[in-house]
Amino acid sequence: MAAFSSLTDRLSNAFKNLRSKGKLSEADIDGTIREIRRALLDADVALEVVRSFTARIRERALGTEVSEALNPAQQVVKIVNEELTDVLGRGVDRPLNFAKNPPTIIMLAGLQGAGKTTLAGKLGYWLKDSGHTPILVAADLQRPNAVTQLQVVGERAGVPVYAPEKGVQSDGGDAVSAPGETTGDPVKVARDGVELARRKMYDVVIIDTAGRLGVDEVLMKQARDIRDAVNPNEILFVIDAMIGQDAVQTAKAFDEGVDFTGVVLSKLDGDARGGAALSVASVTGKPILFASTGEGLKDFEVFHPDRMASRILD
Ligand code: GDP
């Protein structure tokens, strides 16, 4: 995974020095922990997460019984793997929460450029592929061209799109509004989209919402209003794995703002340091449900904390 390749190399180096040891002294463990700590901080994992993570590893490594099956280095790797799985999932590895009575309503939230619209297409495609009948709803009326973009994404995925009629040109031109200007009511669009899904028997509604470049209260209220109007089964917070240390603040703001139910890490294919995104589950206590790994429709996977931990430690 490109976003973690440097972290993977650094961690593997940290373990290398332990391999020749028959038994680990406290100094050996502390030396390794120091390297793990540096590797995590350099990868942009949030300080508060690094602190508790390394403290747990130290405590467990020091208390480790001599094992017949594993040498000391393997034991430390096993502990790090388990703790990383915990950081990534807080013990939760759950699938998408579907409504008992369809339609299932999934709302996407996050900063502008996080990858929401792209994700709407991927999610729609993936759901369709597994036998569902999804529909996308264009409730991002903030960004010029956002509705058109969703329509393009929907067409590519072979998934219908419900969009507000007013202001949307059928010739695909920029249409909805001038920059910074809002036209139409995104809450009404979301509500009408759900209503249409109910009438036409679409079983999953994916609502794309507006994002801004930074967290802002108007945006948050709009997202909250949409949430309260349609009562989603899932509110997915989409976060660009490359945004660095801002990830934690942004995630906390969205958690307070809309109380999201799950996280999607996007752009894990990027070569920037993806560690900040690793902090998000830990600081919000919300599970990561999906990972987005490219611009293509199929560059998308269900997230499993244990598998991701093993890949990072590979
Ligand atoms: P939105 O503003 O949150 O709706 O973000 P978009 O879906 O428009 O994505 C912003 C940009 O990031 C677009 O150029 C996408 O093609 C790109 N993008 C989205 N997801 C990924 C991903 O997983 N990997 C890469 N490399 N690019 C992505």
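Rules used throughout
Residues numbered from 1 in each chain as written. Predicted model: local features only at pLDDT ≥ 70, side-chain atom pairs only at ≥ 80, totals over all residues. Heavy atoms only, no water. UniProt positions renumbered as here; feature names shortened; annotations may be inferred. Buried < 20%, exposed > 50% of the residue type's maximum accessible area, 1.4 Å probe, protein only. Helix = DSSP H or I, 4+ residues; strand = E, 2+ residues; numbered from the N terminus. Pairing = 2+ DSSP bridges. Right-handed = clockwise from strand over helix to strand, strands pointing away. pLDDT = per-residue confidence, 0-100. Contact = heavy atoms within 4.5 Å. Near = heavy atom within 4 Å. Polar contact = N/O pair within 3.5 Å; in protein donor to acceptor, adjacent residues only side chain to side chain. Areas by Shrake-Rupley, 256 points an atom, 1.4 Å probe, with all protein chains shown as cover. 1 Å grid on protein atoms, 1.4 Å probe; cavity = no way out; pocket = protein on both sides within 12 Å on 5 of 7 lines; lining within 4 Å. Sits in = over half its atoms within 2 Å of the grid points.

If you look the protein up in an unreviewed UniProt entry, it shows as Signal recognition particle protein from Bifidobacterium vespertilionis. UniProt annotates the protein under Catalytic activity (unreviewed entry) with the comment "GTP + H2O = GDP + phosphate + H(+)". Regarding the protein, the UniProt comment filed under Sequence similarities (unreviewed entry) reads as follows: "Belongs to the GTP-binding SRP family. SRP54 subfamily."

**Student:** Looking at this structure, how should I read the pairing of strand E5 (residues 234-240)?
**Tutor:** If a strand is regular, its side chains alternate between the two faces of the sheet. Within E5, seven of the seven residues are buried, leaving the element largely enclosed by the surrounding structure. Relative to E5, strand E1 (residues 104-109) is paired through four bridges, and the arrangement is parallel. By the bridge assignment, Ile106 is partnered in E5 with Glu234. Two strands pair when backbone bridges link them, and E5 and strand E6 (residues 262-266) are joined in this way by five bridges, in the parallel orientation. Within E6, the position partnered with Ile239 by the bridge is Leu265. With respect to chirality, the unit in which E5 leads through helix H9 (residues 246-258) into the neighbouring parallel E6 is right-handed.

**Student:** Which parts of the structure should I look at to understand the UniProt feature "domain: SRP54-type proteins GTP-binding" (unreviewed entry) in the protein?
**Tutor:** On the UniProt side, "domain: SRP54-type proteins GTP-binding" (unreviewed entry) is annotated at positions that read residues 287-300 here. As annotated, residues 287-300 has a helix share of 0% and a strand share of 43%, and its two end C-alpha atoms lie 16 Å apart.

**Student:** I'm lost on the confidence of the model for the protein in this one. Help?
**Tutor:** Keep in mind that low pLDDT regions are not for reading the predicted coordinates in detail. Averaged over all residues, the pLDDT of the protein equals 89, while 94% of them reach at least 70. Mean pLDDT values for the elements of the protein range from 88 in helix H10 (residues 275-284) up to 98 in E1. When the criterion is pLDDT under 50, residues 167-182 qualifies, and its contacts beyond four places in sequence or with other chains add up to 24 contacts.

**Student:** Could you clarify how one ought to interpret unusual backbone geometry in this entry?
**Tutor:** The general pattern is negative phi for most residues beyond glycine and trans for most peptide bonds. Look at the link from Pro102 to Pro103: it is a cis peptide, with omega at 5°. As for its position among the elements, Pro103 is in the loop between helix H4 (72-89) and E1. One non-glycine residue with positive phi stands out, namely Asn231, at about 50°. By secondary structure assignment, the location of Asn231 is in the loop between helix H8 (217-230) and E5.

**Student:** I would appreciate a short explanation of the site of the ligand in the present structure.
**Tutor:** Not every one of the 17 residues close to the ligand is listed here, only the nearest: Gly113, Thr117, Thr118, Asp269 and Glu295. With respect to the ligand, the backbone of Gly113 contributes an N or O atom lying 2.7 Å from an oxygen atom. Note that a nitrogen atom of the ligand is positioned 2.7 Å from one of the side-chain N or O atoms of Asp269. A total of 570 Å² of accessible area belongs to the ligand in isolation, and the protein chains cover 80% of it. The cavity where the ligand resides is the largest pocket. With four residues, helix H5 (residues 116-129) is the single largest residue contributor to the shell around the ligand.

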